[in-house]
Amino acid sequence: MACCCLILTMSERGTYYALHLGGSYFRIIRVHLGGQISSLEVQDIERHSIPTSLLNSTSEVLFDFLASSLQKFIEKEGKESVSSQDVKRELAFTFSFPVKQTSLSSGVLIKWTKGFAISEMAGEDIAECLQGALDRRGLDIHVAALVNDTVGALSYGHYHDPDTIAAVVFGTGSNACYLERTDAIIKCQNPRTTSGSMVVNMEWGNFWSSRLPRTLYDIELDAESLNSNDMGFEKMIGGMYLGDIVRRVILRMSQESDIFGPISSILSTPFVLRTNSVSAMHEDDTSELHEVATILKHLGVPKVPLKVRKLVVKICDVVTRRAARLAAAGISGILKKVGRDGSGGEGRRRGDKQMMRRTVVAVEGGLYSNYKMFREYLDEALIDILGDDVARHVVIKAMEDGSSIGSALLLASSHSVRTISNI
């Protein structure tokens, strides 16, 4: 768990860059701030898939690739950009992996997740690795902030809506952070902030409890993963894993019955079924389920009858609904922790109108934005858990590129307030 303060004055000015390394993509953005909310301008943005060859390469190869991409991004700038001024570019590095942060601009990698496996990087300072790659290319760019993606998303959400108290990422993996009172953070001794609150980065993907509804498929997936016995919650709700859970269910059914015909060797390949394909099958609204048939054919399972295609849709539904309900339980846990779940806290009754404050949870990530049924099941579960009276005060606000923009905002705010604490 890491904590940092969040102080945005809404008067931030200047041009800032952010590079976001996620689980399956990276993003580069240039933001200009004019001193008020309405003057925030995203001047340029690029999104790219991460080549799979980088996932198990070396730190030098990975960061040289990122530096090269940033160099090309900057070379596109016009003459009126910051490059024509006597100003050093400053970059916020948005990093979607567990880090032990030691200052605003430095932190060491604890471990890789989401399929990355560059072993020699554990314990290395992430910001220094990127800075070294930039320096090798002669780029006059300073890595001035290292920001977790959820913290960036929360800062952007809070910048536009002060009722935003938490941020959650549902993408390749999953994580969450929230605003907590400093006096409620037992581990945080003498925090260097006067705001009265700090951001807690939960790294909830690594949450584990015997009460989680773990199945044989979850156990097998975990045992065969690169990080077995780790990131248990993420493996039940993250976009990287839902497709493989569905695949494992279909494979087991094909092994124990003949409804799918001969066992497909393709179906035995881990992660051959991606979550975007699960979404496509789940949301197939054609009478004959043509999309389901097409995807099954690519998996080596051709010519299955309609009733079997309907069964596949049901499997997608069960796996996705479980993930969404677990995700909703996590959000509800945050609301309970900060007294926004309607329980009233000490001396108050559940449902007390004085406690029913508007509460915004910023959400981003491809799983949430691209999978309609996941969103619907998450909303449904929040109502089931919190009740109608409380849930109507909870706003799930989808964001795009919020983590990157928010990281640039935090970098801008650091020029006036350099306060960050970590535990």
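Everything quoted here is computed from the prediction, not taken from an experiment. (Residues numbered from 1 in each chain as written. Predicted model: local features only at pLDDT ≥ 70, side-chain atom pairs only at ≥ 80, totals over all residues. Heavy atoms only, no water.)

Asker: Just checking my understanding: could you explain the pattern of salt bridges for this structure?
Answerer: Side chains bearing opposite charge may pair, as long as their charged atoms lie close to each other. Going through the model one piece at a time under the given rule, you end up with 26 salt bridges. With its nearest N and O atoms 2.9 Å apart, the salt bridge here joins Arg-181 to Asp-183. A residue is classified by how much of its surface remains accessible, and Asp-183, at 62% relative accessible area, is exposed. Taking the shortest distance from any N to any O, the salt bridge between Glu-380 and Arg-325 comes out at 3.7 Å. Of this pair, Glu-380 sits in helix 11 (residues 372–386) while Arg-325 sits in helix 9 (residues 306–337); the two residues are 55 residues apart in sequence, bridging distant segments of the chain. Salt bridges linked by common partners bring Arg-27, Arg-47, Glu-364, Glu-400 and Asp-401 together as one network. (Salt bridge = Lys/Arg side-chain N within 4 Å of Asp/Glu carboxyl O. Buried < 20%, exposed > 50% of the residue type's maximum accessible area, 1.4 Å probe, protein only. Helix = DSSP H or I, 4+ residues; strand = E, 2+ residues; numbered from the N terminus.)

Asker: How should I be thinking about the nonpolar core in this particular structure?
Answerer: Soluble globular proteins: nonpolar side chains tend toward being buried together. Residues Phe-170, Trp-204, Ile-331, Phe-374 and Leu-378 are the most contacted members of the largest nonpolar core, which totals 65 residues. A total of 14 residues in this core trace back to one element, the largest contributor, which is helix 9. Residues contacting Phe-374, with those up to four places away along its chain left out, are Phe-170, Thr-320, Ala-323, Ala-324, Ala-327, Leu-367 and Tyr-368. Listed in part, the 35 residues of the second largest apolar core include Tyr-17, Leu-109, Phe-116 and Ala-127. (Core = buried A, V, L, I, M, F, W, Y, C linked by side-chain atoms within 4.5 Å. Contact = heavy atoms within 4.5 Å.)

Asker: Looking at this structure, I do not really get the pairing of strand 7 (residues 106–109). What am I missing?
Answerer: In the sheet, strand 6 (residues 99–103) pairs with strand 7 via 4 bridges, with the strands oriented antiparallel. The partner of Val-99 across the bridge, within strand 7, is Leu-109. The antiparallel hairpin formed by strand 6 and strand 7 contains 2 residues in its connecting segment. (Pairing = 2+ DSSP bridges.)

Asker: Would you mind showing me how to read helix 6 (residues 239–256) here?
Answerer: Note that an α-helix has 3.6 residues per turn; residues three or four places apart therefore point the same way. Counted at 1.5 Å a residue, the expected span for helix 6 with its 18 residues is 26 Å, and the 27 Å between its end C-alpha atoms agrees. Burial of helix 6 is extensive: 13 of the 18 residues sit out of reach of the surface. (Expected span 1.5 Å × (residues − 1).)

Asker: Can you walk me through the environment of Glu-400 in this structure?
Answerer: Looking at the secondary structure, you find Glu-400 in the loop between strand 13 (394–398) and helix 13 (402–413). Within polar-contact distance, the side chain of Glu-400 engages the side chain of Arg-47 at 3.5 Å. (Polar contact = N/O pair within 3.5 Å; in protein donor to acceptor, adjacent residues only side chain to side chain.)

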